[in-house]
Amino acid sequence: MSKAAQINWSDPHLINADLHCHSTTSDGTLTPEELAERAAANGVQVWSLTDHDEVGGLARASKAAAEHGMIFIPGVEISVTWSAVTLHIVGLNVDYVNSPLENGLVSVRNGRTERAMEMSRQLEKVGIDGVYEGALKFVGNPNLISRTHFARCLVERGVCKDIREVFERFLTPGKPGYVPHEWASLKQAVQWILDSNGQAVIAHPGRYDLNPMQMDELVTQFVKLGGEGIEVVTGSHTTDQYATYARKSVRSGLKASRGSDFHGPTESRVNLGELPRLPDGCVPIWDNWGKLFS
């Protein structure tokens, strides 16, 4: 019996799907294999690894998921600049070997090192030296050094007590160490995903500094470009936001996604596989995936 046949696809709301997490390939603290083990132990049935702007961990994750009896969905989280705001688009079920997506991500990764060195220079101006070098010890992939790696360095040094405090005091707009960067456009990100036979999803919409009118415009543009889903239940959303984005999902015709956005045991608000179910009324992004694995 196939793995898909062992899942009751007739009510997709009952399926434990976790479709957003990060490994050491980008800014997570666990390897793809460790994530797979953790997800399986927590009852995840359908799992996706969605590293930032990188697909290098997907082959390992796929192999590990199979060993633990989970269905694996190849994924990615693409950094996007839209209306001067940085947001993220998740791609699910993507072709990732020699694909338009893989080629496009190379351009997104370019400039991360230069940006990181400028972040370090900005922190030096407020008396915190050598953070770039300190951040490198937390980096699994030198091409993907990020604010999270800088944050871990600041916690290790005792500048802040945890990651959350770092982003309250540093590395965000208007705070020391923040350096803006021009990422992919929304159109590019969605097109790379579509051209790689994937499904595009707006990641954690509740995190963005957008007013309701701007959010409506983002969703409208996303749908016109071919976007298919929006994260409704995710680690950074509140219970009220679950309801808000469930309504947004229904009204816009976007399918609802669910993902912990897990980065590591000590850094994440929600563990892999331990999110509540999607609210009634919205259509899960995985509602017709059963036929993909039969």
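Note that the structure is predicted; figures quoted are calculated from it, not measured.

Definitions and cut-offs
Residues numbered from 1 in each chain as written. Predicted model: local features only at pLDDT ≥ 70, side-chain atom pairs only at ≥ 80, totals over all residues. Heavy atoms only, no water. Buried < 20%, exposed > 50% of the residue type's maximum accessible area, 1.4 Å probe, protein only. Helix = DSSP H or I, 4+ residues; strand = E, 2+ residues; numbered from the N terminus. Arc of directions from axis to C-beta. Contact = heavy atoms within 4.5 Å. Pairing = 2+ DSSP bridges. Axes fitted to C-alpha atoms, helices over the stretch in contact; angles between N-to-C directions. Disulfide = S-S within 2.5 Å. Right-handed = clockwise from strand over helix to strand, strands pointing away.

## Quick look at helix 3 (residues 100-109)
Right, on to step 1. For helix 3, the full list of buried residues reads L101, G104, L105, V108 and R109. The buried residues of helix 3 all sit within an arc of 145° when viewed along its axis, so they share a single face.
Right, on to step 2. Buried residues along helix 3 sit against strand 3 (71-82), helix 4 (112-124) and helix 8 (186-195).
Right, on to step 3. Positive phi appears at G111, one or two residues downstream of helix 3, with a value of about 95°.

## As for the sheet that holds strand 6 (residues 229-234)
Each strand in a sheet pairs with its neighbour through backbone hydrogen bonds, running either in the same direction (parallel) or in the opposite one (antiparallel).
Right, on to step 1. Judged by pairing direction, the sheet is mixed, and its seven strands sit side by side in the order 1-2-3-4-5-6-7 without closing on themselves. Both outer strands of the open sheet, strand 1 (17-18) and strand 7 (255-259), are each paired with one neighbouring strand and no more.
Right, on to step 2. Two elements, strand 5 (residues 199-202) and strand 6, share two bridges in a ladder whose sense is parallel. Within the sheet, the bridge partner assigned to V201 lies in strand 6 and is G229.
Right, on to step 3. The sheet strands contacting helix 2 (residues 58-67) are strand 2 (46-49) and strand 3, and the helix crosses strand 3 at an angle near 150°.

## Re the state of the cysteines
Right, on to step 1. Across all of its chains, the model carries zero disulfides by this definition.
Right, on to step 2. With no disulfide of its own, C160 has C153 as its nearest cysteine by sulfur position, at a separation of 11 Å.

## Concerning the pairing of strand 7
Right, on to step 1. Judged by how many residues are buried, strand 7 sits mostly within the fold: five of five residues are covered.
Right, on to step 2. Judged from the five bridges that link them, strand 6 and strand 7 form a sheet pairing that is parallel. In the strand pairing of strand 7, T234 is matched with G259.
Right, on to step 3. Crossover handedness for the path strand 6 to helix 10 (residues 239-252) to strand 7: right-handed.

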